[in-house]
Amino acid sequence: MGRGDLTNAEWVRLKPHLPKSSCRGGRWVSHRRVINGYLYRNRTGVPWRDLPARFSKWKTVYERHRRWSADGTWDRLFATVLADADAEGRIDWSMVSVDSASCRAHQHSAGARKKPPRVPGKRARPRQHRPDEPLGRSRGGLTSKIHLAGEGGRRPLAVLITPGQWGDAPQLIPVMERIWVGRLDGVRPRTRPDHLGGDKAYSSRRNRRYLRRRQIKHTIPEPRNQRANRQSSGSKGGRPTGFDKTIYKRRNEVERMINGLKNSRAVATRFDKCAYIFHGTVTVASIRLWLRS
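Residues numbered from 1 in each chain as written. Predicted model: local features only at pLDDT ≥ 70, side-chain atom pairs only at ≥ 80, totals over all residues. Heavy atoms only, no water.

Engineer: I'm lost on the overall build of the protein in this one. Help?
Structural biologist: Summing up its helical and strand segments, the protein has eleven helices and seven strands in all. Rg of the C-alpha trace for the protein: 20 Å, near the compact-globule value of 19 Å for 293 residues, within the 12% margin. With respect to the three principal axes, the spread of C-alpha positions in the protein is 75 × 45 × 35 Å. Counting all 293 residues of the protein, 49% fall into the buried class. Considering only residue pairs separated by 6 or more positions, the protein has 67% of its internal contacts joining residues 24 or more positions apart. Looking at charge distribution, the protein has the averaged site of its 64 positive side-chain charges lying 5 Å from that of its 24 negative ones. (Helix = DSSP H or I, 4+ residues; strand = E, 2+ residues; numbered from the N terminus. Rg over C-alpha atoms; globule rule 2.2 N^0.38 Å. Buried < 20%, exposed > 50% of the residue type's maximum accessible area, 1.4 Å probe, protein only. Contact = heavy atoms within 4.5 Å. Lys, Arg positive; Asp, Glu negative; His and termini not counted. Charge placed at Lys NZ, Arg CZ, Asp CG, Glu CD.)

What follows is the structure in C-alpha cells.
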C-alpha cells in the first residue's frame, strides 16, 4: 500500500457498493488499483499521463473515472457512503452550514468541445453536464466555484459546481435540494437538517421564505443595507431576523471542511475540461473524507 492509497478498512467499506466488472476481453484491472490511481491524481494534481505505472495504464484510470463521472457512479457511491454513515450515527445534523469556495482553473481546463458529450455506451448526456462548463472569467483568469453543504463533522453532504462569478445566495436552494441521505431501514430519506448556518451572502427574502416553508431553523446574519431597507419600509418590511451568535460560531466547521477538500490539489486547482469530470473529482475527494472518518 502506497502513501494515500485506500486502507484495508476503507476498502472493506467501499467494495460492496462498487459496480461489477464487465471485462469483455483483455486484462482486467481491479477497482482498488484504479481508485488508488484516482486518489493519487487528486492528491498531487499530476497530469493523467504522468500517473505511476503501479496504477496500470493512465488511459485505463482516466477512462474509468470519466465513465463513472458520466453515468453517475460516483454520485451513487457518495449517496451510499452517506447512508452508511447515517445508519452508524456519524452525521451531525445539529448544524449544517452552506458556503462556497473559488477554484482557479488551469489554462488546460479551457477549450472543451462545444458538442454535448455522451455517456459511453449510451445515448444520453452525462448527469452533471452543463453547457457553460462552469468556467467564469475574472481579472485573475478562469475560475470555478464549488457550493457545498457540510455537516457538523466537517464533511460534505451536497456539492454543486458553477462558474466562478456566480453569487452565493441564488445557489442556496439548489444546494439544499441536493441534500438526500437514504435510510437503510427503508424509512424516507432525510433531506432537512436540524439547523442551517450561512454567512451574509445567503441573506435574502427568497432564501428565508424557502427555509421557513420547509421548517428549517437557520442562522444567517442580515447585511446592513438589507436591515436599513427593511426598517425604512415600516410594517411592510417584515419582522426582524433572529440571530444567535453562539450558533453562528460553528460556521468555522464548513471553512475547515473546505480546507480538507482543497488538500486535494486537483480540487484546489481545476485541471478538468468538462464540468461533469470536475464534479466527479470533487465527489471523489468528498468520499475520501467520509471514508477517513
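Engineer: I tried to follow the environment of Glu 253 on my own but got confused; where do I start?
Structural biologist: Of note, Glu 253 is situated in helix α9 (residues 252-261). Judged by its relative accessible area of 11%, Glu 253 is buried. Glu 253 has contacts with Met 95, Glu 151, Gly 152 and Arg 154, leaving out every residue within four places of it along the chain.

Engineer: Just to check I follow, could you spell out α9 for this structure?
Structural biologist: Residue pairs spaced three or four apart in an α-helix point in one direction, given the helix's 3.6 residues per turn. Every buried residue of α9 is accounted for by Glu 253, Val 254, Met 257, Ile 258 and Leu 261. Around the axis of α9, the buried residues are gathered within 140° of arc, so they sit on the same side. Summarising the contacts, the buried residues of α9 are in contact with β1 (96-105), β3 (141-150), β4 (156-163), α10 (265-268) and α11 (275-292). (Arc of directions from axis to C-beta.)

Engineer: Would you mind going over the environment of Ile 277 with me for this structure?
Structural biologist: Within the fold, Ile 277 resides in helix α11. Excluding anything up to four places from it in sequence, Ile 277 contacts Tyr 62, His 65, Arg 66, Ser 69 and Asp 272.

Engineer: How should helix α3 (residues 58-70) be read in this particular structure?
Structural biologist: Over its 13 residues, α3 extends 18 Å from the first C-alpha to the last, a length consistent with the 18 Å expected when each residue adds 1.5 Å. Taken as a whole, α3 has its buried residues at Val 61, Tyr 62, Arg 64, His 65, Trp 68, Ser 69 and Ala 70. In the segment just after α3, Gly 72 is the residue with positive phi, at about 85°. (Expected span 1.5 Å × (residues − 1).)

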